[in-house]
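Chain by chain, the residues run as shown.
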Amino acid sequence: MLAKANRITSADDYRVIVRRGAKVAGAHTVSYLRSRESGTDARFGFIVSKKVGTAVRRNLVRRRLKAVCHEALVDGVCDVDVVVRALPSASAADWNEIRAEVLNALERRRVRASIDAASQKGE
């Protein structure tokens, strides 16, 4: 389970991240990422609609997403807010597919942040 400091709980926070965050789409998920202040914990939120399936399937997908995000925290992800929206195909996807999509989104954000930091130093 994600610690309270690593969860997005406010509807306003969800709204801001989804509207203003960078969007990374995959076959089973859409991730919205927004940078935070340096030195802050990463926070994660999940959107799993009824289109994904029954309550049992939705909860399974949500648990898988939480496990991937917990793994990312252990690997040192910080300074970002992430909202992951599960698409209907996520209910049929296996663990490795979902894991690869979310970690790919986080990696793309990390690469982009390092490129932005390098370009700012060069100015």
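Each chain has its residues counted from 1, running along the sequence as written. With pLDDT at 70 or above as the cut-off, local features in this predicted model cover only qualifying residues; side-chain atom pairs require 80 or more to be listed or tallied, and sums for whole chains, interfaces and linings still use all residues. Side-chain numbers come from the whole structure's heavy atoms, not from hydrogens or water.

J.: Account for the pairing of strand β1 (residues 22–25), naming residues and giving values.
T.: Any two strands are treated as partners once DSSP identifies two or more bridges connecting them. The numbering of helices and of strands both runs from the N terminus, where a helix is a DSSP run of H or I of at least 4 residues and a strand a run of E of at least 2. Looking at chain direction, β1 and strand β2 (residues 29–35) are connected through four bridges and run antiparallel. Counted as the bridge partner of K23 is Y32 from β2. With antiparallel pairing between neighbouring strands as the criterion, β1 and β2 make up a hairpin whose turn holds three residues.

J.: Mind laying out the environment of C69, listing which residues take part and the relevant values?
T.: Along the chain, C69 turns up in helix α2 (residues 55–74). Sequence-wise, C69 and N6 are 63 residues apart; in three dimensions their C-alpha atoms are separated by 9.4 Å. Residue contacts are defined here by distance: any two heavy atoms, one from each residue, within 4.5 Å place the two residues in contact. Apart from the residues lying within four places of it in its own chain, the contact partners of C69 are L2, F44, F46 and V102.

J.: Help me get a handle on the sheet that holds β1, residues and values and all.
T.: As summarised here, the arrangement of the four strands in space is β1-β2-β4-β3, forming an open sheet in which the pairing is mixed. Taken across any chain shown, the strands that pair with only one partner, and hence form the sheet edges, are β1 and β3 (43–48). Put simply, the sheet's adjacent strands are angled 20° from each other on average, direction ignored. The pairing of β2 with strand β4 (residues 80–86) spans seven bridges and is antiparallel. Among the inter-strand pairings, V30 is bridged to a residue of β4, identified as R85. Interaxial angles span 0 to 180 degrees and are taken between N-to-C directions of axes, which are lines fitted to C-alpha atoms, for helices over the stretch in contact. Lying on the sheet, α2 is in contact with β2, β3 and β4; it crosses β3 at an angle near 160°.

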